[in-house]
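Close look at the chain arrangement
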Amino acid sequence: MTAETHLQGVEISASQFFEIWHHYDSDGNGYMDGKELQNFIQELQQARKKAGLDLTPEMKAFVDQYGKTADGKIGIVELAQILPTEENFLLFFRCQQLKSSEDFMQTWRKYDSDHSGFIDSEELKSFLKDLLQKANKQIEDSKLTEYTEIMLRMFDANNDGKLELTELARLLPVQENFLIKFQGVKMCAKEFNKAFEMYDQDGNGYIDENELDALLKDLCEKNKKELDINNLATYKKSIMALSDGGKLYRAELALILCAEEN
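Quick caveat: nothing in here was measured; it's all calculated off a predicted structure. (Residues numbered from 1 in each chain as written. Predicted model: local features only at pLDDT ≥ 70, side-chain atom pairs only at ≥ 80, totals over all residues. Heavy atoms only, no water.)

**Quick look at the packing of aromatic side chains**
- On inspection of all chains with the given rule, the structure shows 9 aromatic pairs.
- Between F40 and F62 the ring centres are 6.1 Å apart and the planes differ by 85°, which places this aromatic pair in the edge-to-face class. Here F62 lies in helix α4 (residues 57-66) and F40 lies in helix α3 (residues 34-50), a separation of 22 residues in the sequence. In this structure, F40 and F62 share a single accessibility class: buried.
- When the ring of F182 is compared with that of Y235, the centres are 5.3 Å apart and the planes differ by 85°; the resulting orientation is edge-to-face. Placement of the pair is F182 in helix α11 (residues 179-182) and Y235 in helix α14 (residues 232-240), with a sequence separation of 53 residues.
- A residue is classified by how much of its surface remains accessible, and F182, at 0% relative accessible area, is buried.
- Aromatic ring contacts, followed pair by pair, group Y24, F40, F62 and Y66 into a single cluster.
- A cation over an aromatic ring shows up here: K73 above the ring of Y31, its NZ or CZ 4.6 Å from the ring centre.
- Sitting over the ring of F118, K162 keeps its end group 4.3 Å from the ring centre. (Phe/Tyr/Trp six-rings, centres within 6.5 Å; stacked < 30°, edge-to-face > 60°. Helix = DSSP H or I, 4+ residues; strand = E, 2+ residues; numbered from the N terminus. Buried < 20%, exposed > 50% of the residue type's maximum accessible area, 1.4 Å probe, protein only. Lys NZ or Arg CZ within 6 Å of the ring centre and 35° of its normal.)

Right under this line is the structure:
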């Protein structure tokens, strides 16, 4: 079955949702934008008509918002708001615990329990299980394993079998995902280490809130296109959510500011 055929369904399964996303995010950058988004909107309307189904109110609002502009951009979360996907799988994208970047960072810190900078499949499974329990939903372990595998396939951009911070952050709505902004200001390891030592002014091996404030102000000044100094307080709060009692160690800050070197 094709992605367009899936769009005709009254209910879309988790695996069909993945296939739809994978088809329309044709460049694999983790978002639907430009021509991708316009193609999706056109084919969604055609598919619903072919199936004898009206657009739902959510779909109509979506088409009104994005159908007339060429510069729209959506992530997986926005797509999940409009497609009639199986309820338990949808919960991951409508999660009340992940409404802001700060909430997301605190969640990351909890589930990256070994501080490896990655969440592996078992850690991801624990994370998804807890989200379902908080929503008072119980599912069989085999279904949870299926969801975990689908989420890995959806978010694991470099196919290494584990999720980096920026990959899992696609669970956030696009407008809330401040990590998108930091993609353009990441440094190589040498530059990052030099910057860390420069802003760790007392040389105690971690950066505190005041030192982070100075670092972010300088980054905003140097990267005005990517970063907005008016959002500095939000950036700082979100990044400090990764800290250990107010101590932001090198490995945690590297998740935000250090580019992965192949």
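**Section: the nonpolar core**
- Within the largest apolar cluster, 81 residues are counted, with the highest numbers of intra-cluster contacts made by F40, L83, F93 and F182.
- A total of 7 residues in this core trace back to one element, the largest contributor, which is helix α9 (residues 141-155).
- Setting aside anything within four residues of it in sequence, one finds L83 in contact with L7, I12, F17, I20, F40, L44, M59 and L90. (Core = buried A, V, L, I, M, F, W, Y, C linked by side-chain atoms within 4.5 Å. Contact = heavy atoms within 4.5 Å.)

**Some details on the pattern of salt bridges**
- As enumerated under the stated definition, the model contains 11 salt bridges in all.
- E87 serves as the salt-bridge partner of K137, at 3.1 Å between the closest nitrogen and oxygen. Here E87 lies in helix α6 (residues 87-90) and K137 lies in the loop between α8 (121-134) and α9, a separation of 50 residues in the sequence.
- Overall, the relative accessible area of 25% leaves K137 in the partly exposed class.
- Among the salt bridges present, the one from K125 reaches D141, with a minimum N-O distance of 3.2 Å. Placement of K125 in helix α8 and of D141 in helix α9 is noted, with a sequence separation of 16 residues between them.
- Through salt bridges with shared partners, one network takes in E86, K143 and E146. (Salt bridge = Lys/Arg side-chain N within 4 Å of Asp/Glu carboxyl O.)

**Some words on the environment of K137**
- Spatially, the C-alpha atom of K137 lies 30 Å from that of D160, the residues being 23 residues apart in sequence.
- Each residue touching K137, except ones within four places of it in the same chain, is listed here: E87, N88, L91 and L132.
- A polar contact of 3.1 Å, which involves the side chain of K137, links it to the side chain of E87. (Polar contact = N/O pair within 3.5 Å; in protein donor to acceptor, adjacent residues only side chain to side chain.)

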